[in-house]
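Spelled out from the first residue to the last, the chains are:
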Amino acid sequence: MRALCFYLPQYHPIPENDAWWGPGFTEWTNVAQSRPRFKGHYQPHIPADLGFYDLRLEETRLAQAELAKEYGIGGFCYYHYWFDDGRRLLERPFDEVLASGKPDFPFCLCWANGNWTRRWDGAEHEVLMRQDYAVYDAAHHMEWLVRAFRDRRYVRVGGRPLFLVYQPGALVDRAAVIRTWRETAARLGEPELYLCAVKSPGDRTEYAEALADGFDALTEFAPTGRMAAVDGPLAGVRTFARRAARRVMVELLAPVRTRLHVLSYRDVAEEAMRRVPAGERVFPCVMPSWDNSARRRSGGTVIQNDDPALYQRWLEHACRRVAGNEPDEQIVFVNAWNEWAEGCHLEPDRRFGRRFLEATRDALAPYAQPSARRAPAAPRVAGVA
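Residues numbered from 1 in each chain as written. Predicted model: local features only at pLDDT ≥ 70, side-chain atom pairs only at ≥ 80, totals over all residues. Heavy atoms only, no water.

Draft legend 1. Structural detail: the overall build of the chain. The helix and strand inventory of the chain stands at eleven helices and 18 strands. The 385 residues of the chain split such that 55% are buried. The long-range fraction of contacts in the chain, counting pairs at least 24 apart against all pairs at least 6 apart in sequence, stands at 73%. (Helix = DSSP H or I, 4+ residues; strand = E, 2+ residues; numbered from the N terminus. Buried < 20%, exposed > 50% of the residue type's maximum accessible area, 1.4 Å probe, protein only. Contact = heavy atoms within 4.5 Å.)

The structure is reproduced here in structure tokens:
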């Protein structure tokens, strides 16, 4: 069983963010300025063991990998920002991982192929960096990717490098792009790829059409657009009452255009476990919690989880779903290792310490190799509830 965590390589300044948001901007800027929007709202999320780190430091990257390894996580899935003409953003942390050979920890890549917009100040439709598929060079992109695939740490499925596409529905002439990727990889001596379409929020790609266009599998994402819908199916009177109460509170807090959607984590997790998508190679994804209000001046979605045991139950369900797969296809994804401004992180914080990491380890323990050592329980961070 391999649990792969989505990993955001954002925590260091870059010239583009300096220009768009001000000198020195990183996700920590959003995290530190976040405040509770309602009674019981858990904000801000303050990091504990690793602190407000800078991903330009090798010591930070080594500490992250050691912590993940200690709790049974099988690798990081780094977001990869490649734009049409070969321009990359936030590339330094991964480039240094690749060049140095450190940390000695498995990884794969997920192409985050959307536009960059001003979502952090509410101007969703203002594009800062456009993904222009009219000039996208698929062969050039794959030539770069093969360098990463050749690294001994790269995650493989049946010997084939695992590569994810975050918005497969956005690709123009998707089947042709995939053919070019495969032909280019073969020309460079990497004859087979293992391509995963990500069922990301808003993406309508279905399993059958993904396979028909040349993908090998589909990867769920949490939360999906369905999970975030406030008017989704209700499960009983008590669920209805909880959601109605939250919705009334939300209506009082903000006008419609800036509404804060507050959902029950328990409801979201149970809905995900009930609605298991059909498909032989659909890899599940779970999340410890979700709250993107730190990234927004108003509005957002809050799916707060104050109980690591609920997350553990969801992860255990995901593991059972893939336990019958071929060994290399026993994969689950976790969103995320370090999405701090989305309230979605396994890295320890001041409130929960390592409790979500411990829940991850315990969910994965039945599938560990017999020789694997159980990580000792970590002492609680001072002041943790």
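Draft legend 2. A look at the packing of helix α5 (residues 138–149) against helix α6 (residues 174–187). Following both chains from N to C, one finds α5 and α6 inclined at 45°, their axes separated by 9 Å at the closest point. Viewed along their axes, α5 and α6 adopt a mutual orientation that is oblique. Considering the relative orientation of α5 and α6, their crossing is right-handed. Across from Ala138, Ala139, His141, Met142, Glu143 and Val146 in α5, the residues of α6 making contact are Val177, Thr180, Trp181, Thr184, Ala185 and Arg187. When the residues that make up the contact of α5 with α6 are grouped by side-chain class, the tally is seven nonpolar, three polar and two charged. (Axes fitted to C-alpha atoms, helices over the stretch in contact; angles between N-to-C directions. Parallel < 35°, antiparallel > 145°, perpendicular 65-115°, else oblique. Left-handed = near helix turned anticlockwise from the far one by under 90°. Nonpolar A, V, L, I, M, F, W, Y, C, P; charged D, E, K, R; others polar.)

Draft legend 3. Main features of the sheet that holds strand β15 (residues 300–303). Taken together, three strands build an open sheet; the order of strands is β11-β15-β14 and the sheet is mixed. Strands at the two margins of the open sheet, each flanked by one partner only, are β11 (260–262) and β14 (290–291). With three bridges connecting them, β11 and β15 associate as parallel partners. Residue pairing in the sheet places Val262 in a bridge with Val302 of β15. (Pairing = 2+ DSSP bridges.)

Draft legend 4. Here's a closer look at the environment of Asp307. Within the secondary structure, Asp307 is located in the loop between β15 and α10 (308–322). From its side chain, Asp307 meets the backbone nitrogen of Ala309 in a polar contact 3.0 Å long. (Polar contact = N/O pair within 3.5 Å; in protein donor to acceptor, adjacent residues only side chain to side chain.)

Draft legend 5. Representation of helix α9 (residues 265–274). When you tally the buried positions in α9, you get seven out of ten residues, the bulk of the element. Those residues of α9 lying buried are Tyr265, Asp267, Val268, Ala269, Glu271, Ala272 and Met273. Two or three places before Arg266, at the start of α9, stands the capping residue Ser264, its side-chain oxygen 3.3 Å from that residue's backbone nitrogen.

Draft legend 6. Representation of α6. Helix length check: α6 (14 residues) gives 20 Å between terminal C-alpha atoms against 20 Å at 1.5 Å per residue, within 8%. Listing the buried residues of α6 in full gives Arg174, Ala176, Val177, Ile178, Trp181, Thr184 and Ala185. At its buried positions, α6 is contacted by β4 (107–111), α5, β8 (160–165), β9 (194–199) and α7 (207–213). Just downstream of α6 lies Gly189, where phi reads positive at about 90°. (Expected span 1.5 Å × (residues − 1).)

Draft legend 7. Main features of the pairing of β15. Here β15 shows a buried face lined by Gly300 and Val302 and a second buried face lined by Thr301 and Ile303. In this structure, β14 lies alongside β15, joined through two bridges in antiparallel fashion. Across the sheet, the residue bridging to Asp291 is Val302, located in β15.

Draft legend 8. The nonpolar core, seen in detail. Ranked by size, the top nonpolar core spans 109 residues in total, and within it Phe6, Leu162, Phe163, Leu164, Trp181, Trp314 and Trp337 carry the most contacts. In contact with Phe163, other than residues within four places in its own chain, are Leu109, Trp111, His141, Leu145, Phe149, Tyr154, Trp181, Tyr194, Leu195 and Cys196. (Core = buried A, V, L, I, M, F, W, Y, C linked by side-chain atoms within 4.5 Å.)

Draft legend 9. Fine view of the packing of α10 against helix α11 (residues 355–364). Interhelical geometry of α10 versus α11 gives an angle of 30° and a closest axis separation of 9 Å. On the basis of the axis angle, α10 is roughly parallel to α11. Of the two elements, α10 crosses α11, and the hand of that crossing is right-handed. From α10, Pro308, Tyr311, Gln312, Leu315, Glu316 and Cys319 reach across to α11, where they touch Arg355, Phe356, Ala359, Thr360, Asp362, Ala363 and Leu364. Counted by class, the contact of α10 with α11 contains eight nonpolar, two polar and three charged residues.

Draft legend 10. Examining unusual backbone geometry more closely. The amide bond that connects Gln43 to the next residue, Pro44, takes the cis arrangement and shows omega of -5°. Here Pro44 shows up in the loop between α2 (27–33) and α3 (58–70). Not every positive phi belongs to a glycine, and Asp173 is a case in point at roughly 55°. One can find Asp173 in the loop between β8 and α6. Among the residues examined, Asp173 registers a relative accessible area of 52% and is labelled exposed.

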